[in-house]
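# Analysis of the macromolecular model
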Amino acid sequence: MNYRILLAKRYIKPPKGNKFQLFITLLSIGGIMVGVATLITVTSVMNGLHNDIKKKIIGVNAHMIITQGMTIPDSSIYVINKAIEEDDYLKDKITGITPFIFSKVMIRRKSLVDGVLLRGCDLNTAKDVTDISEKIIEGGFLTKPSHEGVYPVVMGIMLAEGMEVEIGDVFEIYSIMSSTITPIGPVPRIYKAEVVGIFDIGLYEYNSSWIFMNIEDVKNIMKMEDKVTGFQLSVKDVMSVRSITKRLQEKLGYSFIVQDWLSLNKNLFAALKLEKIVMTLVVFLIVVVAAFNIVSTLIMIVIQKTKEIGILRSIGLRKKDVMEIFMYQGTFMGIIGTLLGVMVGVLLCWGLGRYEFPIDTDVYIISSLPITIDYFDVMIIALASVLISFISTLYPAYRASKLVPVEAIRYE
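Residues numbered from 1 in each chain as written. Predicted model: local features only at pLDDT ≥ 70, side-chain atom pairs only at ≥ 80, totals over all residues. Heavy atoms only, no water.

Looking now at the overall build of the protein chain. Each helix and strand counted, the protein chain has 14 helices and 12 strands in total. A total of 412 residues make up the protein chain; the buried ones form 48% of that total. The long-range fraction of contacts in the protein chain, counting pairs at least 24 apart against all pairs at least 6 apart in sequence, stands at 79%. Per element, the accessible surface of the protein chain, about 21,500 Å² overall, is 62% carbon and sulfur. (Helix = DSSP H or I, 4+ residues; strand = E, 2+ residues; numbered from the N terminus. Buried < 20%, exposed > 50% of the residue type's maximum accessible area, 1.4 Å probe, protein only. Contact = heavy atoms within 4.5 Å. Areas by Shrake-Rupley, 256 points an atom, 1.4 Å probe, with all protein chains shown as cover.)

Right, dumping it as structure tokens:
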């Protein structure tokens with residue numbers, strides 16, 4: 001074994017009885033370990049949050065939407081399908097299309113009133129584009145109601161709790177779009193609806209304020225007749241949706257507005273990305289602080305080993321060799337702390353992911369802490385930690401190499 005590496009390993013272990021040096025050494029290694037473990041946990045949580053929100057938003061809102069102002073004729077679906085069929089690229093990439101209606105209405109049950117977002121969907125084609133039917137936790141997806149003369153409705157779990165309704169309960173929907181004009185102004189028409197299903201998407205926004213109805217029932221309530229809000233489309237690869245959107249927009253022309261899930265949720269994902277960067281930088285300071293501990297440890301060891309360094313220099317050890325000894329020592333400490341940090345961080349992420357740490361949905365938009373370990377991120381964190389540890393050795397190693405042999409052993 002290289003004698004420089006051998007000496008570096010020997011210097012890591014303090015002499016017997018020197019508890020203070022042992023404490024400082026363990027503190028340096030522990031600081032690196034805590035910093036790396038925390039950084040891995042934070043990045044995994046942010047990755048999990050990003051992926052979880054993306055998956056849930058895409059599942060409800062599809063990958064692309066086509067609109068034409070406030071409304072679009074439902075016959076436009078033939079124009080869209082024709083444009084897709086004539087283009088082999090679009091035909092291969094797009095897997096489904098369904099019309100939808102989106103509007104705001106007010107609902108009431110007894111003394112409880114709330115404003116909600118009403119989504120009308122086509123029962124025949126909605127399953128090809130969204131997975132809302134798979135999120136039903138009670139009842140069924142727009143099944144036949146048990147009461148006569150009412151519309152079937154699927155409601156978010158938190159909205160159902162707030163309105164104190166269960167499967168089979170009837171409530172009222174108020175629509176200004178089909179209001180009756182009276183001498184005192186427009187009076188909204190009232191429609192009866194029955195809760196036939198309750199869904200849980202996992203996002204507070206949807207669970208607390210969305211209801212789903214059959215698109216034909218919504219047309220009747222909103223008096224839209226042969227119009228819809230737009231069309232939802234699904235694609236094979238959600239990450240290539242930008243190129244598909246651009247291609248379809250060129251085919252349809254600018255009388256249609258084609259948007260993808262990335263542009264529709266641009267602000268949200270930009271905020272998540274910025275938050276991940278900021279949190280990573282803040283937590284990374286823990287590793288930097290731990291690196292300063294390595295500096296102080298090495299300086300202390302250099303002072304303690306002054307006589308030994310002087311003897312080694314006097315028997316022919318070069319300045320470069322002395323410098324390498326302390327660089328190896330500090331780097332070894334960084335590698336040990338990094339390896340321990342990676343193990344602790346991955347284990348902690350595994351535990352948090354397995355037991356689904358709950359989150360207060362009144363504050364956050366998700367119900368549990370999502371964890372996604374990106375091993376590329378783990379590798380980058382580990383390499384950065386070792387690099388910082390190496391850089392922190394340069395000054396103490398340089399100071400050790402500058403010791404003059406005669407001065408180091410003059411009083412020994």
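Alright, that's what it looks like, and here's the rest.
Moving on, we get to the packing of aromatic side chains. Following the criterion strictly, the structure yields six aromatic pairs and no others. Aromatic side chains Tyr151 and Tyr191 sit 6.1 Å apart centroid to centroid with 45° between the ring planes, which places their arrangement in the tilted category. You can see Tyr151 sitting in strand β6 (residues 151-156) and its partner Tyr191 sitting in strand β8 (residues 185-199), a full 40 residues away along the chain. Residue class for Tyr151 comes out buried when judged on its relative accessible area of 16%. According to the relative accessible area criterion, Tyr191 is buried, its value standing at 7%. An angle of 80° between the planes, with centres 5.5 Å apart, marks the rings of Phe199 and Phe212 as edge-to-face. Placement of Phe199 in strand β8 and of Phe212 in strand β9 (residues 210-214) is noted, with a sequence separation of 13 residues between them. (Phe/Tyr/Trp six-rings, centres within 6.5 Å; stacked < 30°, edge-to-face > 60°.)

With that settled, consider the pairing of strand β11 (residues 230-235). Where burial is concerned, most of β11 is hidden: six out of the six residues are buried. Neither face of β11 is left uncovered, since the one carrying Gly230, Gln232 and Ser234 and the one carrying Phe231, Leu233 and Val235 both have all their residues buried. The pairing of strand β1 (residues 64-67) with β11 spans three bridges and is antiparallel. Within the sheet, the bridge partner assigned to Ile66 lies in β11 and is Phe231. Where strand β3 (residues 94-109) and β11 come together, six bridges link them in antiparallel fashion. Bridging across to β11, Pro99 finds its partner in Phe231. (Pairing = 2+ DSSP bridges.)

This brings us to helix α8 (residues 241-252). For α8, with 12 residues, the first-to-last C-alpha span of 16 Å sits near the 16 Å given by 1.5 Å per residue. Burial in α8 covers these residues: Val241, Ile244, Thr245, Leu248, Gln249 and Leu252. Projected down its long axis, α8 carries its buried residues within an arc of 130°, all on one side. Relative to its buried face, α8 has exposed residues pointing more than 90 degrees away, namely Lys246 and Glu250. Trailing α8 by a residue or two, Gly253 shows a phi angle of about 85°, which is positive. (Expected span 1.5 Å × (residues − 1). Arc of directions from axis to C-beta.)

A cluster of nonpolar residues, Phe376, Met379, Ile380 and Leu383, forms a patch on the protein surface that exposes about 410 Å² of accessible area. Position of Leu383 relative to the elements: it lies in helix α13 (residues 375-401). (Patch = residues over 30% accessible without salt bridge, like charges linked within 9 Å, V, L, I, M, F, W, Y side chains within 5 Å. Salt bridge = Lys/Arg side-chain N within 4 Å of Asp/Glu carboxyl O.)

A separate point is the nonpolar core. Core analysis: the biggest nonpolar cluster contains 94 residues, and Ile107, Met155, Ile173, Ile211, Leu248 and Phe326 have the highest contact counts within it. Sort the elements by how many residues they give to this core and helix α2 (residues 19-61) lands first, with 12 residues. Not counting the four nearest positions on each side in its chain, Leu248 is found in contact with Met64, Ile66, Ile84, Leu90, Ile94, Leu233 and Val258. (Core = buried A, V, L, I, M, F, W, Y, C linked by side-chain atoms within 4.5 Å.)

Unlike most non-glycine residues, Lys110 shows phi in positive territory, near 55°. Among the structural elements, Lys110 can be located in the loop between β3 and β4 (112-121).

Let's shift gears to the environment of Glu216. Topologically, Glu216 is positioned in helix α7 (residues 215-222). Judged by its relative accessible area of 48%, Glu216 falls in the partly exposed class. On a C-alpha basis, the gap between Glu216 and Gly120 in space is 7.7 Å, while along the polypeptide they are 96 residues apart.

Further remarks concern the pattern of salt bridges. Applying the stated rule across the entire model yields nine salt bridges. Two residues, Asp87 and Arg247, come together in a salt bridge whose shortest N-O distance is 3.0 Å. Of this pair, Asp87 sits in the loop between α3 (76-85) and α4 (88-93) while Arg247 sits in helix α8, and the two are 160 residues apart along the sequence. A residue is classified by how much of its surface remains accessible, and Arg247, at 32% relative accessible area, is partly exposed. Between Lys219 and Glu216 there is a salt bridge, with the nearest N and O atoms lying 4.0 Å from each other. Of the two residues, Lys219 and Glu216 are both situated in helix α7; the distance of three residues between them amounts to about one turn of the helix. It is possible to trace a salt-bridge network through shared partners that takes in Asp74, Glu216 and Lys219.

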